[in-house]
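# Results of the structural survey
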Amino acid sequence: GAVVSQHPSWVICKSGTSVKIECRSLDFQATTMFWYRQFPKQSLMLMATSNEGSKATYEQGVEKDKFLINHASLTLSTLTVTSAHPEDSSFYICSALSHRGEGQYFGPGTRLLVL
Amino acid sequence: GENVEQHPSTLSVQEGDSAVIKCTYSDSASNYFPWYKQELGKRPQLIIDIRSNVGEKKDQRIAVTLNKTAKHFSLHITETQPEDSAVYFCAASIQDGNKLVFGAGTILRVKS
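My aim in this report is to walk through the structure given alongside it, one point at a time. (Residues numbered from 1 in each chain as written. Chains lettered and ligands numbered in written order. Predicted model: local features only at pLDDT ≥ 70, side-chain atom pairs only at ≥ 80, totals over all residues. Heavy atoms only, no water.)

All names here are of chain B. Structurally, Val-64 can be placed in strand β7 (residues 62-67). Since its relative accessible area comes to 0%, Val-64 is described here as buried. Taking C-alpha positions, Val-64 is 8.9 Å from Ile-77, a pair spaced 13 residues apart along the chain. Aside from chain neighbours lying at most four places away, what touches Val-64 is Trp-35, Ile-48, Asp-49, Ile-50, Gly-55, Glu-56, Lys-57 and Ser-74. (Helix = DSSP H or I, 4+ residues; strand = E, 2+ residues; numbered from the N terminus. Buried < 20%, exposed > 50% of the residue type's maximum accessible area, 1.4 Å probe, protein only. Contact = heavy atoms within 4.5 Å.)

All chains considered together, the criterion is met by two disulfides over all chains. Each sulfur in the disulfide pair A:Cys23 and A:Cys94 lies 2.0 Å from the other. The sign of the 80° torsion about the S-S bond sets the A:Cys23-A:Cys94 disulfide as right-handed. Taken together, the residues span a long stretch of sequence, with A:Cys23 in strand β3 (residues 19-25) and A:Cys94 in strand β9 (residues 90-97) at a distance of 71 residues. Residue class for A:Cys94 comes out buried when judged on its relative accessible area of 0%. Each disulfide pairs two cysteine sulfurs, and for B:Cys23 the partner residue is B:Cys90, the sulfurs being separated by 1.9 Å. On the S-S bond that ties B:Cys23 to B:Cys90, the torsion sits near -100°, and the link is left-handed. Placement of the pair is B:Cys23 in strand β3 (residues 19-25) and B:Cys90 in strand β9 (residues 86-94), with a sequence separation of 67 residues. Here A:Cys13 stays unpaired: no disulfide links it, and the sulfur of A:Cys94, its closest cysteine neighbor, is 18 Å away. (Disulfide = S-S within 2.5 Å.)

Residue and element names in this part refer to chain A. Judged by pairing direction, the sheet is antiparallel, and its four strands sit side by side in the order β1-β3-β8-β7 without closing on themselves. Lying at the two open borders of the sheet, with one neighbouring strand each, are β1 (4-7) and β7 (67-73). If you compare each strand with its neighbour and ignore which way they point, the axes differ by 15° on average. As paired elements, β3 and strand β8 (residues 76-81) share six bridges and run antiparallel to each other. The partner of Cys-23 across the bridge, within β8, is Ser-77. (Pairing = 2+ DSSP bridges. Axes fitted to C-alpha atoms, helices over the stretch in contact; angles between N-to-C directions.)

By themselves, these are just geometric observations and shouldn't be taken as functional.
Put into structure tokens, the structure is as follows:
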């Protein structure tokens, strides 16, 4: 149990375009999901908390208009990187909060490269 | 806010030896401390966790200890194997206990 999928696994896009990343909890319902960003050889940096049916909560320094989060159902949260620039290139990972109180389970991540 | 420090940043051990990674946290309200293992290019995987009402937890070759008074917790891996080589992250919960603050990570290399 507690499987989280993420799509796409990697994406290359041109500067100025928008990219949508999906995070799904496959075998459980997740009222809360999290979006992280990870730079090479660095730790996980929390970007925002996604709550089903309500607005996402963004961490300090994260632009909510640039990183749009939608959590429309109990199994799906999406992150849209709008008007992407090369500095947005990174590894984006989502996690879902276990409904059994067993911590966060991570998706496989999405590697974004903006040219 | 919560600050989690993790040491060492890199750790090399001989196969069969033990490995210990230590973390300290600053927020006394933190009550959940998971450890994740991340292999190169892959997702972090929860390997063990501990809650503040427990001092030690063990799962086969992996154990975690927690000292709430000193605000530190440690990961112990015994009889290390080459497949234990990975980056290990500790984390501490904040606010309502759902959000996590991660340590900087420890690169563990097990030499055969």
